[in-house]
Amino acid sequence: MSIRTHFRVVASVWLLVVAVWIALPGRNTYGNPWMEELVDSCTTTDGTRVRLYLGSGFLTAFWYSVTTEAGFLSLERQILYVYGGPELHTLACADRQLRITAETGPIVIPESELLALRKSPRNYSNAESGAWSMIGYATSALLAAMAFAVAPPIRRLRGIGGNECL
């Protein structure tokens, strides 16, 4: 296999891996966990760990993520997000409810709703955020298409095991 063909195979595999990685669900439904820092946390009466993160991108507005982690083997998942405002300041877990201090007033969520919010997080944003997931899927599709465009034709790869192409 030539160096050029080898490079094309490696590049296409790398692009496919990145495309799949973008499309897979992570901790957040909205926002990028790698650009967030922990602001506050608390634990509910049933042992669920709740965390408040502040995120900021290079060219985007700030955002907030509130996540829960129900137990030792539970994955951390977003239950509430804010993009652009209002600002969220602190968390408090007491009296079977989660209380989030925000610049517009407190946000109170009963503990009984936390599990359902892990599947469909609440949006307290001033702006619409439905485009966030569409941007991720569009980027993933573009990278996958680029991977197939860069990949060498299959007939060139048949010569890898010592059998030359016909």
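Given the structure is predicted, the values throughout are model-derived calculations rather than measurements.

(A) Broad picture of the packing of aromatic side chains. As enumerated under the stated definition, the model contains one aromatic pair in all. Ring geometry for phenylalanine 62 and tyrosine 64: centres 5.6 Å apart, planes at 80°, overall edge-to-face. With relative accessibility at 6%, the residue tyrosine 64 sits in the buried group.

(B) Representation of the state of the cysteines. Inspection of the entire model under this criterion finds one disulfide. At a sulfur-sulfur separation of 1.9 Å, the disulfide partner of cysteine 42 is cysteine 93. Judged by the sign of its S-S torsion, about 50°, the cystine formed by cysteine 42 and cysteine 93 is right-handed. Here cysteine 93 lies in strand β5 (residues 88–94) and cysteine 42 lies in strand β1 (residues 36–43), a separation of 51 residues in the sequence.

(C) Fine view of the sheet that holds β5. Reading across the sheet, the three strands line up as β5-β6-β7 and stay open at both edges, with antiparallel pairing between neighbours. The strands lining the two open edges of the sheet, one partner per strand, are β5 and β7 (107–110). When the angles between neighbouring strand axes are averaged without regard to direction, this sheet yields 15°. By the bridge criterion, six bridges tie β5 to strand β6 (residues 97–102) in an arrangement that is antiparallel. Bridge assignment links alanine 94 to a residue of β6, and that residue is glutamine 97.

Here is what the cut-offs are and how they apply
Residues numbered from 1 in each chain as written. Predicted model: local features only at pLDDT ≥ 70, side-chain atom pairs only at ≥ 80, totals over all residues. Heavy atoms only, no water. Phe/Tyr/Trp six-rings, centres within 6.5 Å; stacked < 30°, edge-to-face > 60°. Buried < 20%, exposed > 50% of the residue type's maximum accessible area, 1.4 Å probe, protein only. Disulfide = S-S within 2.5 Å. Helix = DSSP H or I, 4+ residues; strand = E, 2+ residues; numbered from the N terminus. Pairing = 2+ DSSP bridges. Axes fitted to C-alpha atoms, helices over the stretch in contact; angles between N-to-C directions.

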